[in-house]
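Spelled out, the chains give:
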Amino acid sequence: FYDGKRFAFASELKAIETALAPAGLATDQTALYDFLGYRYVPAPKTLYRHCFKLLPGHTLSYDPASGAASEPRPHWRLETAATRDGITADDAAEELREIIDESVRDQMIADVPLGFFLSGGIDSSVVVAAATAAGGRVETFSIGFDSDEVSETPFARLVAEHFGTAHHEKILSQAGAQDLLPSLKEWFDEPFADESALPTFLVSSIARERVTVVLTGDGGDEVFGGYKTYDRFARYAEWPSWPQVFDRGVARLRRRLHRRNPVNRFLRVLEMGLSSDVALWSKIMHGMSHDAKAKYRNEFGLGKDYDDWWHYRQYWRDDLPLRTRLQYIDFHTFLPGLVLTKVDRTSMAVSLEARVPLLSRRLIEFSFSLPETIRYYGDQSKGILRHAYRDILPQPILERRKKGFGVPRYYLGDLGEGMPLPEHILRELFLEPDRGDTGDARQSA
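Basis of the calculations
Residues numbered from 1 in each chain as written. Predicted model: local features only at pLDDT ≥ 70, side-chain atom pairs only at ≥ 80, totals over all residues. Heavy atoms only, no water. Buried < 20%, exposed > 50% of the residue type's maximum accessible area, 1.4 Å probe, protein only. Helix = DSSP H or I, 4+ residues; strand = E, 2+ residues; numbered from the N terminus. pLDDT = per-residue confidence, 0-100. Contact = heavy atoms within 4.5 Å. Polar contact = N/O pair within 3.5 Å; in protein donor to acceptor, adjacent residues only side chain to side chain. Salt bridge = Lys/Arg side-chain N within 4 Å of Asp/Glu carboxyl O. Pairing = 2+ DSSP bridges. Axes fitted to C-alpha atoms, helices over the stretch in contact; angles between N-to-C directions.

1. Focus: helix 16 (residues 322–332)
1) Next: Most of helix 16 sits out of view: nine of its 11 residues are buried.
2) Next: Taken as a whole, helix 16 has its buried residues at Arg323, Thr324, Arg325, Leu326, Gln327, Tyr328, Ile329, Asp330 and Phe331.

Written as structure tokens, this is what we have:
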């Protein structure tokens, strides 16, 4: 927090609230509006004016004598030049295994009990593979659901049995998910709308019963290119684009139709296909659209020229190959803003330290130095990672398609017909539904 007179810093907003007291903090209405589009409050903003998130890879200096704070300065930037043009897939795979082994060994150093999150996906399986190669007892933890639609526990068990880990799992029920939903406010201190925070909290809870530190597979999708959204964007990017006014007209027409109406679905595809660049990316990332947020622009006093997608736009790189471009934007937005925030806050809510070996600096720089043909070896997501572990991981894990760590929508209860989760979180946890003004958003419903 810095307003030119007072300076305070902490790892969580609740500490700033305690230091300055509610009367010393004012809600940033643009942050509430941005949350509806991104599902988190994008850095450097927070819920409050004059209170900022320090961007990853940045430093800030404060002089107590003068009371002056510097502008944040980067001390590291992600380089995207493909400098390893001549490398073969086999050589890249061998080097990749060495780097992952080194990163996992380094992050296994602890003077307290240590374990591993195991989802059954390729990323966490790779981390467990490296850990077992390092020797010693490996404890793994998984969370499942009482719905075969999303539960990955069979794949997690397969990996645990393959590597002989001491495996523990817990099942999340629909009732359990609904009971946990209000905790999002306590965990994150500001609006946050990723339902996978609920199972992440539970797997952290069962891990904390046995260990104090866990290693996770987070970051693998951004570093190696694992999201299905990249291929989806590529397909729609081949369509012609249309003026934004048509986009808004179709959105208004869709609002009159039930979301399961075939015409509504057709219009949704049309709306996606005829968008381009940042506008298309925002739709693929499932944020509330400009038109859907219209009432909030009025409620929060924002001008019509407010840029809904400034956060994406500042990292949009037309000079990069398409998949690398999307990895780059995910690395700077979705990864720190949603993924790592989710894991950090829910794990620390039970005093569990989560470490991310797939986000070591050396590993990040190595992956982005590879040409896309190697990173996406075989023209598949995480191609080089799959190639590197082709004789190490069970075949069903290598052949699995990416599956998000979410929960079924019906687990969250009745959010209202078609109401997006961000809007539900904002209304139920951060705004009094019977008030409708733009005062202190910290008062709960």
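Now, onward.
2. Thoughts on the confidence of the model for the protein chain
1) Next: Chain-level statistics for the protein chain give a pLDDT mean of 89 and a share of 89% at 70 or above.
2) Next: Low pLDDT, under 50, characterises residues 433–445; the stretch is placed with 34 contacts to residues that sit more than four places away or in other chains.

3. Side note on unusual backbone geometry
1) Next: The omega torsion of the bond from Ala43 to Pro44 falls at 10 degrees, within 30 degrees of zero and hence cis.
2) Next: Even without being a glycine, His50 presents a positive backbone phi close to 65 degrees.
3) Next: Inspection of the secondary structure assignment puts His50 in the loop between helix 2 (29–38) and strand 1 (58–59).
4) Next: One non-glycine residue, Lys382, lies in the positive phi region at around 50 degrees.
5) Next: Topologically, Lys382 is positioned in the loop between helix 19 (372–375) and helix 20 (383–388).

4. Side note on the side chain of Thr216
1) Next: You can see Thr216 is positioned in the loop between strand 8 (213–215) and helix 9 (220–224).
2) Next: For Thr216, a relative accessible area of 1% translates into the label buried.
3) Next: Within polar-contact distance, the side chain of Thr216 engages the side chain of Asp218 at 2.8 Å.
4) Next: Contacts of Thr216, omitting those with residues within four sequence positions, involve Phe117, Val127, Ala354, Arg355, Val356 and Pro357.

5. Brief notes about the environment of Leu320
1) Next: Structurally, Leu320 is set in the loop between helix 15 (310–313) and helix 16.
2) Next: Through-space distance from the C-alpha of Leu320 to that of Ala81 is 8.9 Å; in sequence the pair is 239 residues apart.

6. Side note on the pattern of salt bridges
1) Next: Scanning all chains against the criterion turns up 23 salt bridges.
2) Next: The shortest N-O distance in the salt bridge between Lys45 and Asp34 comes to 2.7 Å. Residue Lys45 is found in the loop between helix 2 and strand 1, and its partner Asp34 is found in helix 2; the two are separated by 11 residues along the sequence. Comparing Lys45 with Asp34, the two get one shared label, buried.
3) Next: Residues Arg361 and Glu365 are paired through a salt bridge, measuring 3.1 Å at the closest nitrogen-oxygen approach. Here Arg361 and its partner Glu365 are both found in helix 18 (residues 361–369), four residues apart, which amounts to about one turn of the helix.
4) Next: With a relative accessible area of 52%, Arg361 lands in the exposed category.
5) Next: One network of salt bridges, in which partners are shared, links Glu12, Lys14 and Asp189.

7. Details of the sheet that holds strand 7 (residues 166–172)
1) Next: If you trace the five strands from one edge of the open sheet to the other, you get 7-6-5-8-9, paired in parallel fashion. Edge positions in the sheet fall to strand 7 and strand 9 (353–355), since each of these pairs with one other strand and no more. Each neighbouring strand pair of the sheet contributes to a mean axis angle of 30 degrees, computed without reference to strand direction.
2) Next: Judged from the two bridges that link them, strand 5 (residues 114–117) and strand 6 (residues 139–145) form a sheet pairing that is parallel. If you follow Phe116 over to strand 6, its bridge partner there is Thr140.
3) Next: Running at roughly 150 degrees to strand 5, helix 4 (residues 122–133) makes contact with strand 5, strand 6 and strand 8 of the sheet.

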